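Examining the three-dimensional arrangement
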Amino acid sequence: MIDFKNVSKTYPNGTHALYNVSLSIDKGEFVFIVGASGAGKSTFLKLIMHEESPTSGEIVINGTETTRLRRSKVPYLRRHMGIVFQDFRLIEKMNVFDNVAFAMRAVGKPYSVIKSRVPYVLELVGLKDKMKNKPSELSGGEQQRVSLARALVNNPEIIIADEPTGNVDPEMSHEIIELLTEINAKGTTIIVVTHEHELVREFGKRVVVIDHGRVKSDASKAVDDYLGEADYADIPDYPDNVEVIPD
Amino acid sequence: MRGFGYLTKEGLKNVWSNRIMSIASICVLVSCLILTGIASLFSINIGKVVDSVGKTNETSVYIKKDYSQLEAVYIGKEIERLDNVESTTFLTKEEAMEQFKDLINDDALFAEMQGRDPLPDTVVVVMKDLSLYDQTVAQIKKIEGVDDINSHTELAKTLTDISNLVNAISFGITLALTIVSIFIIANTIRVTMYSRRFEISIMKSVGATNSFVRWPFLMEGMVIGFISSILATCGVGLLYEVIMTAIQQMLPIFVTIPIMDVIWYVAAAFAVSGVVIGFFGSLISIRKYLKMEGNEILGW
Ligand SMILES: Nc1ncnc2c1ncn2[C@@H]1O[C@H](COP(=O)(O)OP(=O)(O)OP(=O)(O)O)[C@@H](O)[C@H]1O
Ligand SMILES: [Mg+2]
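Residues numbered from 1 in each chain as written. Chains lettered and ligands numbered in written order. Predicted model: local features only at pLDDT ≥ 70, side-chain atom pairs only at ≥ 80, totals over all residues. Heavy atoms only, no water.

A separate point is the overall build of chain A. When helices and strands are tallied, chain A shows eight helices and 10 strands. A buried classification covers 54% of the 247 residues belonging to chain A. A separation threshold of at least 6 residues defines the contact pool for chain A, and within that pool the share at least 24 residues apart is 69%. Surface summary for chain A: the accessible area is close to 10,600 Å², and the carbon and sulfur share equals 49%. (Helix = DSSP H or I, 4+ residues; strand = E, 2+ residues; numbered from the N terminus. Buried < 20%, exposed > 50% of the residue type's maximum accessible area, 1.4 Å probe, protein only. Contact = heavy atoms within 4.5 Å. Areas by Shrake-Rupley, 256 points an atom, 1.4 Å probe, with all protein chains shown as cover.)

Our next topic: the domain arrangement of chain A. All names here are of chain A. Each assigned domain of chain A is listed here: domain 1 (1-80 + 157-226) and domain 2 (90-155). A straight line from the C-alpha centre of domain 1 to that of domain 2 covers 24 Å. Taken together, the 12 residues of domain 1 in the interface contact 12 residues of domain 2. For the pair domain 1 and domain 2, the summed buried area comes to about 1,000 Å², and 70% of that belongs to carbon and sulfur atoms. Looking at the side of domain 1 facing domain 2, the largest losses of area belong to R79, I159 and L179, adding up to 40% of the total buried there. Scanning the region where domain 1 abuts domain 2 turns up one salt bridge. Linking domain 1 with domain 2 are one residue pair in polar contact (both at pLDDT 80 or more). Looking at the side of domain 1 that touches domain 2, the element that brings in the most residues is helix α6 (residues 170-185), giving six residues. Of the residues assigned to the side of domain 1 that touches domain 2, the class counts are eight nonpolar, no polar and four charged. (Domains from an automatic or database assignment. Buried area = accessible area lost by both parts, 1.4 Å probe. Salt bridge = Lys/Arg side-chain N within 4 Å of Asp/Glu carboxyl O. Polar contact = N/O pair within 3.5 Å; in protein donor to acceptor, adjacent residues only side chain to side chain. Nonpolar A, V, L, I, M, F, W, Y, C, P; charged D, E, K, R; others polar.)

Let's shift gears to the site of ligand 1. Residue and element names in this part refer to chain A. Residues in contact with ligand 1 amount to 14 residues; listed here are only the nearest, S37, G38, K41, S42 and T43. With respect to ligand 1, the side chain of T43 contributes an N or O atom lying 2.5 Å from an oxygen atom. Counting residues per element, the shell around ligand 1 draws most heavily on helix α1 (residues 41-49), which supplies three residues. Residue composition of the shell around ligand 1, by class: four nonpolar, eight polar and two charged. (Near = heavy atom within 4 Å.)

Let us look at the nonpolar core. All names here are of chain A. Membership of the largest hydrophobic core comes to 91 residues, with the highest contact counts inside it found for F32, V118, L122, I177, L180 and V192. Those residues in contact with L122 that lie beyond four places of it in its chain are V96, F97, V100, L127, K128, M131 and A149. Grouped together as the second largest cluster of nonpolar side chains are 30 residues, M1, L23, I25 and L45 included. (Core = buried A, V, L, I, M, F, W, Y, C linked by side-chain atoms within 4.5 Å.)

The next point concerns the side chain of T92 of chain B. Residue and element names in this part refer to chain B. Structurally, T92 is set in the loop between β2 (85-91) and α4 (93-104). Accessibility expressed as a relative area gives 14% for T92, which makes it buried. In contact with T92, other than residues within four places in its own chain, are Q69 and D121.

Residue and element names in this part refer to chain A. Sheet architecture is open: four strands sit in the order β2-β1-β4-β5, paired in antiparallel fashion. Edge positions in the open sheet fall to β2 (16-25) and β5 (64-65), since each of these has one partner strand only. Bridging between strand β1 (residues 2-10) and strand β4 (residues 56-61) involves five bridges; their strand directions are antiparallel. The partner of D3 across the bridge, within β4, is V60. On top of the sheet, α1 reaches β1, β2 and β4; it is set at about 120 degrees to β1, its chief contact. (Pairing = 2+ DSSP bridges. Axes fitted to C-alpha atoms, helices over the stretch in contact; angles between N-to-C directions.)

Attention shifts here to the confidence of the model for chain B. Residue and element names in this part refer to chain B. Looking at chain B as a whole, the pLDDT averages 84, with 90% of positions reaching at least 70. Of all the helices and strands in chain B, helix α5 (residues 107-115) carries the lowest mean pLDDT, 63, while helix α10 (residues 259-290) carries the highest, 92. Taken over the whole predicted complex, pTM reads 0.75, whereas the ipTM for its chain interfaces reads 0.84. (pLDDT = per-residue confidence, 0-100.)

For the rest of this paragraph, the subject is the domain arrangement of chain B. Domain boundaries in chain B define domain 1 (20-53 + 158-297) and domain 2 (58-150). A C-alpha centroid distance of 49 Å is found between domain 1 of chain B and domain 2 of chain B.

All names here are of chain A. Counting buried positions along strand β9 (residues 206-211) yields five of six residues, so the element is predominantly enclosed. Here strand β3 (residues 30-34) runs beside β9; their pairing, made up of four bridges, is parallel. What sits directly across from V31, in β9, is R206. In this sheet, strand β10 (residues 214-218) lies alongside β9 in antiparallel orientation, the contact comprising four bridges. Its bridge partner being in β10, I210 is matched across the sheet by V215. In sequence, β9 turns back onto β10 through a hairpin of two residues, with H212 there showing a positive phi of about 50 degrees.

Here you go:
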């Protein structure tokens, strides 16, 4: 589903963000991306979303080589993806319903579809009774769930989340990752960047460690190498633990 | 796709939420349109006058005042023998006065004129070929007893010169104001887009096409153009009346086109140019914005 072949990214100011990254993520996988600040994690996601183009190498998403993608086709590529931001990015003056509906309107869905789909997705994230609330009336965890609902509402094949738990307390963090696993269980590919190693360890999914722009390791055990710890006990071996659930 | 009504509503909403800038753009665009409108109407009017006086093809030849009426008639005959002269009509002093009275159509002014120099005997000449005008006039002037020649053709020429001058000046000003209008609208749209940058970045991240993002802002520019065109039409209507009434008082032969005959053409021309200017003004800013991605849009 997502294929990076020898991808390097150097920003116009000369910063080398990624070197020669080759990586493949299959449909239905759940992948954690970890690494130190400035390692290149967000860059990796931006390349998937086609917010940035690689300096060299090839990125294939759903069989499309993205560097050869015409500008006008980029929006259609993005419709396969749902994006969750660390800072939620909700529109303050709109209520929860409209924030989620916004993503459907933006891709031209008719209101008849919107009015049944939005409550359904809000129910999925447990916020059906907060539909009329403004984002400012919600807790951080609730706001992040609205943001997740917005990412889900167009039924994407891939969810991309850059530190979705960065602005919520540990309990909420757990809940959000839990929610993502449930979505993953329905067949959606999930890619999550996080700094919270506790969570990574706890959920025991595939872990890609990026270090100074390179893939340092790509396995569930890797997180401990990265942390310099040797607590393998609660992390089952990759890939046995990866749930690949067909459509 | 979203309907025209929805987009218009979005456009109006944008105009309202960014009203200071919108009003500034509207003011500039209105002045641009009014200036262009008045200048074109003025030159259309002159064109019409030129046409009507040009078509009459009559040249008045005044006979020296110390010549008797009989001598004057004789001079008329002599003019008629010239090659390029089709026909001549002899007007006595009294007839010439009568015609002039009709022309100026103002009794008080006429009464005042009568106290002064009376008009001379006049021979009205119609030429065969107007392109030989200058030579023929020279020939007439050589005839003993001819005092002066007053030709409508010359008036037509003067009017055309004025009209050309007005056109050239207003073309320059219009061009400058159009460019200013486009840029001020571009700036207005840039401000709206900036205030909507957060929504734009979300739209793009969920896969909205550029045209979807673009239309409400294009609509905003076009709404500004359209509102300006309505205001400019009213402005031209009023100004035209004032200017034409004043001109008519000074120059009674200047028969003007009634505003109601042309106002709908003016309105249509303004609406089209207003909307086109609004469209291109917005496009400049939108293009710049749509090239950006993600956090670039937000300026982070
Ligand atoms: N638009 C940009 N222009 C120039 N350099 C950039 C840009 N974006 C990121 N970088 C640089 O590229 C490197 C990788 O950045 P990236 O944002 O991918 O790191 P990250 O792993 O997401 O870090 P963090 O955990 O702090 O979010 C950093 O050195 C960063 O300063
Ligand atoms: Mg980052």
